[in-house]
Amino acid sequence: MDNGEEHMPELTTLRQKVEYMVEKTFPGQKISGRVFADLVKERGGSLSHSYFSNILAGKVTHPSEDILRALGLGFGVDWRFFKEESEVVDEVVAGLQFLAKRRTGEISGVAGRGLDDDGLPPELLEFALSLLADSKEGTNSGTGPTTGHGMEGGGGRAPDGEPGP
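Residues numbered from 1 in each chain as written. Predicted model: local features only at pLDDT ≥ 70, side-chain atom pairs only at ≥ 80, totals over all residues. Heavy atoms only, no water.

Undergrad: Lay out the pattern of salt bridges with the relevant residues and their values.
TA: If you walk through the whole model with that rule in mind, you get 4 salt bridges. A salt bridge links E65 to R69, with the nearest nitrogen and oxygen atoms 3.6 Å apart. Placement of both E65 and R69 in helix 4 (residues 65–75) is noted, with a separation of 4 residues, approximately one turn of the helix. Among the residues examined, E65 registers a relative accessible area of 33% and is labelled partly exposed. In this structure, D78 and R80 form a salt bridge, with 3.0 Å as the shortest nitrogen-oxygen distance. Owing to a relative accessible area of 42%, D78 belongs among the partly exposed residues under this scheme. A relative accessible area of 36% means that R80 is categorised as partly exposed. Bridged by salt links that share partners, the residues E65, R69 and K83 form one connected network. (Salt bridge = Lys/Arg side-chain N within 4 Å of Asp/Glu carboxyl O. Helix = DSSP H or I, 4+ residues; strand = E, 2+ residues; numbered from the N terminus. Buried < 20%, exposed > 50% of the residue type's maximum accessible area, 1.4 Å probe, protein only.)

Written out as structure tokens, the structure is:
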């Protein structure tokens, strides 16, 4: 069934993902490692031109998260696009397990440890602490008592931390 939308090819390797992003971001252009490294630098990241060239040559298969973040900056996409799918799935599962434990009361507090570039951003920590405060008050952001069963009730907080509808 073709509805006129372009289908994204299966991209399993880092090289395939980067080649795909080069074509989508710079259609019909040949982008050198130096040009891409300069673009990343302009956007606040760091990536050597030779490392980028090695990625395109398939010589780099498991770079650090710093390199993946630099690729994300250069292409203007979420850096997780370049991670292996199984790693992203593991992170999502861990996040869901955390939320489930918080709802059931197994987790009753949040501590902000390691707040550096790889740690929890202050606004996210503030949001998590506000959720915890709401649950201690016995409300779910003003939508009534928490039941710990599913996600009924709507409400919650908007991304800016203000109460939702």
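Undergrad: Can you lay out the packing of aromatic side chains for me, pointing to particular residues and giving the numbers?
TA: As enumerated under the stated definition, the model contains 5 aromatic pairs in all. When the ring of F36 is compared with that of F52, the centres are 4.2 Å apart and the planes differ by 15°; the resulting orientation is stacked. Of this pair, F36 sits in helix 2 (residues 33–42) while F52 sits in helix 3 (residues 49–56), and the two are 16 residues apart along the sequence. Its relative accessible area of 0% is what places F36 among the buried residues. Between the aromatic rings of F81 and F82, the centroid separation amounts to 5.1 Å while the plane-to-plane angle is 85°, which identifies the pairing as edge-to-face. (Phe/Tyr/Trp six-rings, centres within 6.5 Å; stacked < 30°, edge-to-face > 60°.)

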